[in-house]
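Listed here are the chains, written in short residue letters.
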Amino acid sequence: MEYDRALRMEIMNGYLSDTRERFENINKVYFDNRIPDIMLRISDRLLSRIGYAHSNPLGIVLSYRYMDKYGWEVMDEVLKHEVAHIYAFHFYGERGHRGHNFRSACEMMNVSPTARTNELFVERDKWHYRCRACGQTYSTYRPFSTVQFCDCGEKSDERMLIKITKDQMTIPLQEFRAHIRPKITVYKCTQCGREVRRYKRWSEKHSCAICHPGEYDESCLMQLVK
Ligand SMILES: [Zn+2]
Ligand SMILES: [Zn+2]
Ligand SMILES: [Zn+2]
């Protein structure tokens, strides 16, 4: 753990000094060194965006995760786009993506002036599920917790949605049925016998919601059957 952290810090510091060097170069090549010294940061918490610029104090934050994933081949464009924001704001008070000076700075550096640039490469994780009966797939940004059923017919084991990988979305239905086993966990109440089926195990103990609605009761724990 300690080692991982130390290693990550080292990598982040490396990215940061690259970023500083690149910023200085962009400032020199495109702006005659007129942009003042700004704050530069690499964040390992920034996941929703690839990078952004801020105005008070002036600075740019780039996402460690996306830096790690795409390298400078992609991040160079992101950095330039953010530098254009800094320039347009500092000299002309422009914010956002419509300003004339922002746009011409982007054009000069040959990078995209759209807001989408920052999100272009950010793929959010998706979860995929597939029906064994009809083969239809479902994708969602939030994973299901309890078992869901396809709407192709009556709720049944056959129509239970099976969690799959992206590749398994397109394999032929016959093959899918033959090879992909549903991986679900089943809990059962020892008192009333009620079953709960989930895609993931609970991380903590649960008691039966029918026997003891709205409260946790040690005497009525849901037991893992499968
Ligand atoms: Zn932008
Ligand atoms: Zn179906
Ligand atoms: Zn019960």
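Criteria and thresholds
- Residues numbered from 1 in each chain as written.
- Chains lettered and ligands numbered in written order.
- Predicted model: local features only at pLDDT ≥ 70, side-chain atom pairs only at ≥ 80, totals over all residues.
- Helix = DSSP H or I, 4+ residues; strand = E, 2+ residues; numbered from the N terminus.
- Buried ≥ 20, exposed ≤ 12 C-beta atoms within 10 Å, placed from the backbone.
- Pairing = 2+ DSSP bridges.
- Contact = placed C-beta atoms within 7 Å.

The name given to the chain in an unreviewed UniProt entry is SprT-like domain-containing protein, with the source organism recorded as Methanocella arvoryzae.

Draft legend 1. Structural context of the environment of arginine 177. Within the secondary structure layout, arginine 177 lies in helix α6 (residues 173-179). Of the residues examined, arginine 177 has 14 C-beta atoms within 10 Å and is grouped as partly exposed. For arginine 177 and methionine 39, which are 138 residues apart along the polypeptide, the C-alpha to C-alpha distance reads 55 Å.

Draft legend 2. Spotlight on the pairing of strand β5 (residues 137-140). As paired elements, strand β4 (residues 127-131) and β5 share 4 bridges and run antiparallel to each other. Along β5, the bridge assignment pairs tryptophan 127 with threonine 140. The turn linking β4 back onto β5 is made up of 5 residues, and glycine 135 within it adopts a positive phi angle of 85°.

Draft legend 3. Layout of the environment of tyrosine 187. As for its placement among the helices and strands, tyrosine 187 is situated in strand β7 (residues 185-189). Given 19 C-beta atoms within a 10 Å radius, tyrosine 187 is considered partly exposed. The sequence separation of tyrosine 187 and histidine 206 amounts to 19 residues, and the corresponding C-alpha distance is 9.5 Å. If we ignore the near neighbours within four places in the chain, the residues touching tyrosine 187 are Glu195, Val196, Met222, Gln223, Leu224 and Val225.

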